[in-house]
Amino acid sequence: MASGRTYIWKRGISVSESIELEIFRYCPEKDAEPLFKSYQVPFREDWVVLDAINYIKDELDGTLSYRWSCRMGVCGSCGMMVNGEPKLTCSAFLRDYSSGKIRVEPLQGFPVLRDLVFQMDDFINKLTEVKPYILRNENGEKQVEEGEYLQSPAQLAKYKQYTLCINCMLCYSACPIYALDSEFVGPAAIALAQRYNMDSRDQGRKQRQEVIAGHEGIWQCTFVGECSVVCPKNVDPAAAIQRAKVSSTMDFFKGIITLGSKE
Amino acid sequence: MEVELAQSKEPVIWMLFSAGGMISAMVFPVLLLITGFLLPFEIAGDGTFERIHVALKHPLIKLILFFVISLPFFHWAHRFRFTLVDIGLKHVSLMITVCCYGGAILGSILTIIVLWNI
Ligand code: SF4
Ligand code: FES
């Protein structure tokens with residue numbers, strides 16, 4: 001191309017403007033307490049908060065620690081508090097924050113390890129507690145020769161929504177019950193239990209009930225509904241919990257009705 | 001054991017709570033409109049004291065009123081219990097539970113007495 005300069009036109013890029021990011025910093029070896037550090041970052045129409053944080057890491061301050069991976073709302077690892085709200089930073093556009101300053105903190109409600117990185121152990125334990133895999137009764141397992149467990153589209157539709165969870169923990173961060181009592185099993189884990197309970201191939205509901213319907217389970221939920229508001233995947237964990245309440249109540253009445261016939 | 005307890009107690013409480021919530025949301029506004037506005041200002045019907053009193057003597061009306069009055073007590077009890085626990089009184093949660101639902105039961109008993117004596 002001998003015809004002079006090539007100009008690539010990009011819509012919406014305006015490097016001249018900048019935006020201030022106020023980032024939560026905490027280094028357990030150095031800092032007695034967390035502090036906030038401000039960084040000036042170029043403002044670009046098509047940048048999300050994660051892009052701005054990556055810019056800080058690459059250009060301004062390499063010591064910043066945070067989690068991310070997919071950059072497309074799939075891996076669930078980039079959750080942070082953005083101006084006080086739990087958000088996937090890879091889906092939160094700078095342009096949606098007009099105040100000229102964005103405050104980024106680690107997701108609230110979890111022990112901070114360093115900067116924006118927090119400990120997930122409690123959540124991971126809760127996920128395992130609800131046995132998130134297909135359970136069959138004793139002798140209920142099909143032999144390989146018998147073929148697969150068939151499922152109709154209608155049966156799939158019953159629980160599909162709950163399979164969309166990406167374990168981003170935004171719902172735990174938003175949940176006031178979990179904030180007060182971290183023993184609470186919590187939104188995503190209960191939604192995941194529902195995902196398997198409502199799967200036509202599963203027979204493990206009774207086992208999951210021990211966790212779900214126990215004292216730290218569904219009955220702790222007062223239906224604040226914030227979990228469903230912040231969920232980036234429309235899993236609607238609040239609805240999952242209310243449904244679990246209804247079916248547990250049904251269990252109870254079935255129990256009363258069948259009690260007489262048992263004896 | 002703990003699970004069994006939660007499974008046997010909580011569903012009942014939750015049902016009463018939901019029913020009470022439903023009534024407070026759907027029946028109360030209408031009742032308030034009728035008894036607090038339409039009747040006193042004679043916009044609809046002539047709800048004289050005598051007429052209403054006669055209506056209240058009907059056992060079916062009494063039964064309906066019993067549910068309309070007592071279930072919201074349980075709604076209150078449940079909400080208030082969790083509100084108190086949530087503002088940091090978890091360590092006395094048993095006492096709160098007893099007082100709240102006890103209050104609702106007491107309220108229901110009083111409702112029966114009042115309705116009985118109409
Ligand atoms: S339910 Fe929604 S908010 Fe909660 S972890 Fe799953 S995707 Fe995230
Ligand atoms: S980086 Fe994967 S969800 Fe944001």
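Computed from a predicted model, the values in this text were never measured in an experiment.

Student: What should I look at first to understand unusual backbone geometry in this one?
Tutor: The phi torsion of most residues other than glycine is negative, and most of the peptide bonds are trans. The residue A:Asn83 is not glycine, and still its phi comes out positive at about 45°. At A:Asn139, a position not held by glycine, the phi torsion is positive, near 60°.

Student: Sorry if this is basic, but what is going on with the packing of aromatic side chains here?
Tutor: The geometry of an aromatic ring pair is captured by two quantities: the separation of the ring centres and the angle between the planes. Residues and elements named next belong to chain A. Inspection of every chain in the model, using the stated rule, returns 11 aromatic pairs over all chains. A centroid spacing of 5.9 Å and a plane angle of 40° characterise the contact between Phe-110 and Tyr-178, whose relative ring orientation is tilted. Of this pair, Phe-110 sits in the loop between strand 5 (101-106) and strand 6 (112-114) while Tyr-178 sits in helix 5 (residues 176-180), and the two are 68 residues apart along the sequence. Since its relative accessible area comes to 9%, Phe-110 is described here as buried. Tyr-178 sits in the buried class, given a relative accessible area of 4%. With a centroid separation of 5.1 Å and 90° between ring planes, the pair formed by Tyr-172 and Tyr-178 is classed as edge-to-face. A relative accessible area of 1% places Tyr-172 in the buried class. Linked through ring pairs, Phe-110, Phe-118, Phe-123, Tyr-172 and Tyr-178 together constitute an aromatic cluster.

Student: Help me understand the sheet that holds strand 4 (residues 85-88) of chain A in this model?
Tutor: Each strand in a sheet pairs with another by means of backbone hydrogen bonds, the pair being arranged parallel or else antiparallel. Residue and element names in this part refer to chain A. Spatial strand order, 2-1-5-3-4: five strands in an open sheet with mixed pairing. Of all the strands in the sheet, just strand 2 (35-42) and strand 4 have a single pairing partner and so form its edges. Across the sheet, the mean angle separating the axes of adjacent strands is 35° when strand polarity is ignored. As paired elements, strand 3 (residues 79-82) and strand 4 share four bridges and run antiparallel to each other.

Student: Just checking my understanding: could you explain the interface of chain A and chain B for this structure?
Tutor: Size of an interface, as often reported, equals the accessible area lost when the parts are brought together. Counting from both sides, the interface comprises 19 residues of chain A and, opposite them, 16 residues of chain B. Interface area, chain A with chain B, both sides summed: about 1,500 Å², of which 68% is carbon and sulfur. Among the residues of chain A in contact with chain B, A:His215, A:Trp219 and A:Phe252 are the three that bury the most area, contributing 40% of the side total. The partner of A:Asp181 in a salt bridge is B:Lys90, with the nearest N and O atoms 2.8 Å apart. For the pair chain A and chain B, the interface holds one residue pair in polar contact (both at pLDDT 80 or more).

Student: Even after reading the chapter, I still don't get the environment of A:Phe24, so can you show me in this structure?
Tutor: All names here are of chain A. Structurally, Phe-24 is set in strand 1 (residues 18-25). Considered as a pair, Phe-24 and Met-81 are 57 residues apart in the sequence and their alpha carbons are 9.8 Å apart. Leave out the neighbours within four places in its chain, and Phe-24 touches Pro-34, Leu-35, Phe-36, Val-104, Glu-105, Pro-106, Val-112, Asp-115 and Leu-116.

Student: Mind showing me how you'd approach the domain arrangement of chain A here?
Tutor: Residue and element names in this part refer to chain A. Each assigned domain of chain A is listed here: domain 1 (5-117) and domain 2 (121-262). If you average the C-alpha positions of domain 1 and of domain 2, the two centres end up 33 Å apart. Facing 13 residues of domain 1, the contacting portion of domain 2 comprises 12 residues. Both sides of the domain 1 and domain 2 interface together cover about 910 Å² of buried area, and 65% of this is carbon and sulfur. Of all residues in domain 1, Pro-86, Leu-88 and Phe-110 bury the most surface against domain 2, accounting for 48% of the area lost on that side. Summed over the shared surface of domain 1 and domain 2, the number is zero salt bridges. Counting every contact that joins domain 1 to domain 2 gives two residue pairs in polar contact (both at pLDDT 80 or more). When residues in the side of domain 1 that touches domain 2 are grouped by element, the largest group, three residues, is from strand 4. Counted by class, the side of domain 1 that touches domain 2 contains seven nonpolar, five polar and one charged residues.

So, how was this worked out
- Residues numbered from 1 in each chain as written.
- Chains lettered and ligands numbered in written order.
- Predicted model: local features only at pLDDT ≥ 70, side-chain atom pairs only at ≥ 80, totals over all residues.
- Heavy atoms only, no water.
- Phe/Tyr/Trp six-rings, centres within 6.5 Å; stacked < 30°, edge-to-face > 60°.
- Helix = DSSP H or I, 4+ residues; strand = E, 2+ residues; numbered from the N terminus.
- Buried < 20%, exposed > 50% of the residue type's maximum accessible area, 1.4 Å probe, protein only.
- Pairing = 2+ DSSP bridges.
- Axes fitted to C-alpha atoms, helices over the stretch in contact; angles between N-to-C directions.
- Contact = heavy atoms within 4.5 Å.
- Buried area = accessible area lost by both parts, 1.4 Å probe.
- Salt bridge = Lys/Arg side-chain N within 4 Å of Asp/Glu carboxyl O.
- Polar contact = N/O pair within 3.5 Å; in protein donor to acceptor, adjacent residues only side chain to side chain.
- Domains from an automatic or database assignment.
- Nonpolar A, V, L, I, M, F, W, Y, C, P; charged D, E, K, R; others polar.

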